[in-house]
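Coordinate analysis (summary)
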Amino acid sequence: MHPLQCVLQVQRSLGWGPLASVSWLSLRMCRAHSSLSSTTCPSPERQEDGARKDFSSRLATGPTFQHFLKSASAPQEKLSSEVEDPPPYLMMDELLGRERKVYLETYGCQMNVNDTEIAWSILQKSGYLRTSNLQEADVILLVTCSIREKAEQTIWNRLHQLKALKTRRPRSRVPLRIGILGCMAERLKEEILNREKMVDVLAGPDAYRDLPRLLAVAESGQQAANVLLSLDETYADVMPVQTSPSATSAFVSIMRGCDNMCSYCIVPFTRGRERSRPVASILEEVKKLSEQGLKEVTLLGQNVNSFRDNSEVQFNNAVSTNLSRGFATNYKAKQGGLRFAHLLDQVSRVDPEMRIRFTSPHPKDFPDEVLQLIHERDNICKQIHLPAQSGSSRVLEAMRRGYSREAYVELVHHIKESIPGVSLSSDFIAGFCGETEEDHVQTVSLLREVQYNMGFLFAYSMRQLSKRSATDLCGRNDGNLKVIFPDADMEDVNNPGLRVRAQPGDYVLVKITSASSQTLRGHVLCRTTLKDSSANC
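Reading the values: rules and limits
Residues numbered from 1 in each chain as written. Predicted model: local features only at pLDDT ≥ 70, side-chain atom pairs only at ≥ 80, totals over all residues. Heavy atoms only, no water. Helix = DSSP H or I, 4+ residues; strand = E, 2+ residues; numbered from the N terminus. Buried < 20%, exposed > 50% of the residue type's maximum accessible area, 1.4 Å probe, protein only. Contact = heavy atoms within 4.5 Å. Areas by Shrake-Rupley, 256 points an atom, 1.4 Å probe, with all protein chains shown as cover. 1 Å grid on protein atoms, 1.4 Å probe; cavity = no way out; pocket = protein on both sides within 12 Å on 5 of 7 lines; lining within 4 Å. Points joined across faces, edges and corners; volume = space filled by probe spheres on them. Nonpolar A, V, L, I, M, F, W, Y, C, P; charged D, E, K, R; others polar. Pairing = 2+ DSSP bridges. pLDDT = per-residue confidence, 0-100. Core = buried A, V, L, I, M, F, W, Y, C linked by side-chain atoms within 4.5 Å. Salt bridge = Lys/Arg side-chain N within 4 Å of Asp/Glu carboxyl O. Patch = residues over 30% accessible without salt bridge, like charges linked within 9 Å, V, L, I, M, F, W, Y side chains within 5 Å. Axes fitted to C-alpha atoms, helices over the stretch in contact; angles between N-to-C directions. Left-handed = near helix turned anticlockwise from the far one by under 90°. Polar contact = N/O pair within 3.5 Å; in protein donor to acceptor, adjacent residues only side chain to side chain.

Structural notes on the overall build of the protein
Summing up its helical and strand segments, the protein has 16 helices and 22 strands in all. Sorting the 537 residues of the protein into buried and exposed places 45% on the buried side. Pairs at least 24 apart in sequence give 70% of the contacts found in the protein among residues at least 6 apart. For the protein, the accessible surface area stands at approximately 28600 Å², while carbon and sulfur atoms represent 53% of it.

Rendered as structure tokens:
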């Protein structure tokens, strides 16, 4: 290989490296030139001295330390009208939508509805147009959910449908771009890009500001992804665009992420750590919604009532709010900040004729001041979502919920005494790892004891990063379907009379007793081999 080619490759891999790399480049260029002509080349020492002086002069006229400090300011502090400089590999006009039409589909919780409005607000400012007609879309974005396996399977099925739409796209039109946004993008990352080559863009919940750049990169035919989680991104300066002009209610996101780390929940891994919006930005959004004539606002967060605004130094001296009696956290106690009771008080004062709701809370964050405020204010709905998840203290401990059945029931009684006529709703998971019939009976008895107005009941969905059962094993059959079966003694076909337990890598014969769309369940019959699998056990 020519010396010049070798040096260029090293420079590309090293970037602007140490001064020795620069002087080596000069020396090799000189030697290559001398092999082609008789021109005298300066000595390596003089070359190195010249490169050093050139580097010093560029350093003297370059950015200062103050420049970097200024550039490190939090993104929330920037005015929404400011436009960031494009990355060096893109021109400013390449970040513009040029009136390409975007079709957005939303799956999952209310947070995803709000995320859709945030994503559209960002794209609208970049020059994209919105369409409700899938056939005329130039960009299709799916805002996804990853809380249960069924939610992800819905997206996989939808991608197969969209693949046909992309294949039939007329060549006279701009290429159709498809993007996956939200929790599924964050959880599966490379699997989506590798499994579905037709996906062009991947953006996690904290990367919506990057959508114009990602779509610009996708225009070159490359796949583009940003799934970085943030410790401070709240989109406080992004005003969501309401998707329905005739709407009478709206969602307002007040915090993102969760620190509770319940053993069954994937939210901390897809939404990141807890961080709250500044109170001022929330009040500004609520006031604008009131001026638009909306009659109901729902404050949103993965753990909405753990809200804590530390955006101002003086807020750190605020008095901390106590937890509900008998409840604990899985993390070190946090101090200071403006808490949920303060925010709820301020929001309820914006418009006495605007109803205020909030979801989804954690039972640990219902101190007396919150309950008293709900009771006193006519426009704060007398409805509380109080996720129990289980009625068994043993299962609650395995779930890392931070409370017992007894503490939960005491809180329910306290809420009913503090807010007469309150409506209660709850979430429950059936079939959690290691749950027994007795545990299930206790959950049913809690439902009867509390007498909820509404309940959301789900079968436990085994996931990566969720807690695995100590009593069940799983494998995949020939059709690549997951098969779950109890870890029990069984006969070894090759050693009659010998009782064994299945080990990773074993082939076992399982009798299927139940099935869902993606999972089979049954009980194990025997350990076998591929050759002998057709034989009776």
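Next comes the rest of the description.
Points about empty space enclosed by the protein
Evaluation of the coordinates by the stated rule reveals four cavities of 30 Å³ or more. Taken as a whole, the second largest cavity holds about 40 Å³ of empty space. If you trace the second largest cavity, you find it lined by Asn-114, Ile-118, Thr-234, Tyr-235, Val-238, Pro-240, Ser-253, Arg-277 and Glu-285. A per-class count over the lining of the second largest cavity returns four nonpolar, three polar and two charged.

Things to note about the pairing of strand S10 (residues 296–300)
With five of its five residues buried, S10 lies for the most part within the structure. The side-chain alternation of S10 yields two buried faces, one formed by Glu-296, Thr-298 and Leu-300 and the other by Val-297 and Leu-299. Pairing of strand S7 (residues 249–253) with S10, which is carried by five bridges, proceeds in the parallel orientation. Note on S10: the bridge partner recorded for Phe-251 is Thr-298.

Some points on the confidence of the model for the protein
Looking at the protein, the pLDDT average stands at 82 and 79% of residues meet or exceed 70. Across residues 1–41, where pLDDT falls below 50, the model places 22 contacts with residues more than four positions away in sequence or in other chains. Low pLDDT, under 50, characterises residues 73–82; the predicted model gives this stretch eleven contacts beyond four residues in sequence or across chains.

Description of the nonpolar core
Counting 49 residues, the largest nonpolar core has Ile-254, Leu-299, Phe-340, Leu-344, Ile-384 and Ile-415 as the members making the most contacts within it. No other element matches helix H15 (residues 405–418), which puts six residues into this core. With 24 residues, the next largest nonpolar core counts Leu-104, Ile-118, Trp-120 and Leu-141 among its residues.

Quick look at the pattern of salt bridges
The full count for this structure, using the stated rule, is 37 salt bridges. Of the charged contacts, one joins Arg-277 and Glu-285 as a salt bridge, the two residues approaching to 2.8 Å between their closest N and O atoms. Among the residues examined, Arg-277 registers a relative accessible area of 4% and is labelled buried. Relative accessible area serves as the criterion here: at 1%, Glu-285 is assigned to the buried category. Here Arg-349 makes a salt bridge to Asp-345, at a shortest N to O gap of 2.9 Å. One end of the pair, Arg-349, and the other, Asp-345, are both in helix H12 (residues 340–350), four residues apart, so they sit about a helical turn from each other. Residues joined in a network through salt bridges with shared partners are Arg-100, Lys-166, Arg-177, Asp-200 and Glu-219.

As for a nonpolar patch on the surface
On the surface, Met-454, Phe-456 and Phe-458 cluster together into a nonpolar patch covering about 280 Å² of accessible area. If you trace the backbone, Phe-456 turns up in strand S16 (residues 454–459). On the accessibility criterion, Phe-456 (35% relative accessible area) is partly exposed.

Here's the deal with the packing of helix H13 (residues 368–376) against H15
Contact geometry of H13 with H15 gives a least axis separation of 9 Å together with a crossing angle of 35 degrees. For the pair H13 and H15, the sense of crossing is right-handed. Residue-level contacts link Asp-368, Leu-371 and His-375 of H13 to His-414, Ile-415 and Ser-418 of H15. For the contact of H13 with H15, the class distribution of residues is two nonpolar, three polar and one charged.

A closer look at the sheet that holds strand S4 (residues 177–182)
Pairing is parallel across the open sheet formed by six strands, whose spatial order is S2-S1-S3-S4-S5-S6. A single partner strand is all that each edge strand has here, and the edge strands are strand S2 (129–130) and strand S6 (224–226). Taken together, the two bridges between strand S1 (residues 101–106) and S2 define a ladder with parallel strand orientation. Following the sheet pairing, Lys-101 is matched in S2 by Leu-129. Along the sheet, helix H6 (residues 149–167) makes contact with S1, strand S3 (139–144) and S4, crossing S3 at roughly 175 degrees. Packing against the sheet, helix H9 (residues 211–218) makes contact with S3, S4, strand S5 (201–203) and S6, and its axis sits at approximately 160 degrees to S5.

A short note on the side chain of Ser-290
In this structure, Ser-290 sits in helix H11 (residues 279–291). A polar atom in the side chain of Ser-290 sits 2.8 Å from the side chain of Asp-351. If we skip the residues at most four places from it in the chain, Ser-290 touches Val-350, Asp-351 and Met-354.

Some points on unusual backbone geometry
For the bond from Thr-359 to Ser-360, the omega torsion is 0 degrees, close enough to zero to count as cis. With respect to the element layout, Ser-360 can be found in the loop between strand S13 (355–359) and H13. Phi is positive for Arg-400, which is not a glycine, with a value near 60 degrees. Even without being glycine, Gln-451 reaches a positive phi, approximately 60 degrees. With respect to the element layout, Gln-451 can be found in the loop between helix H16 (437–450) and S16.

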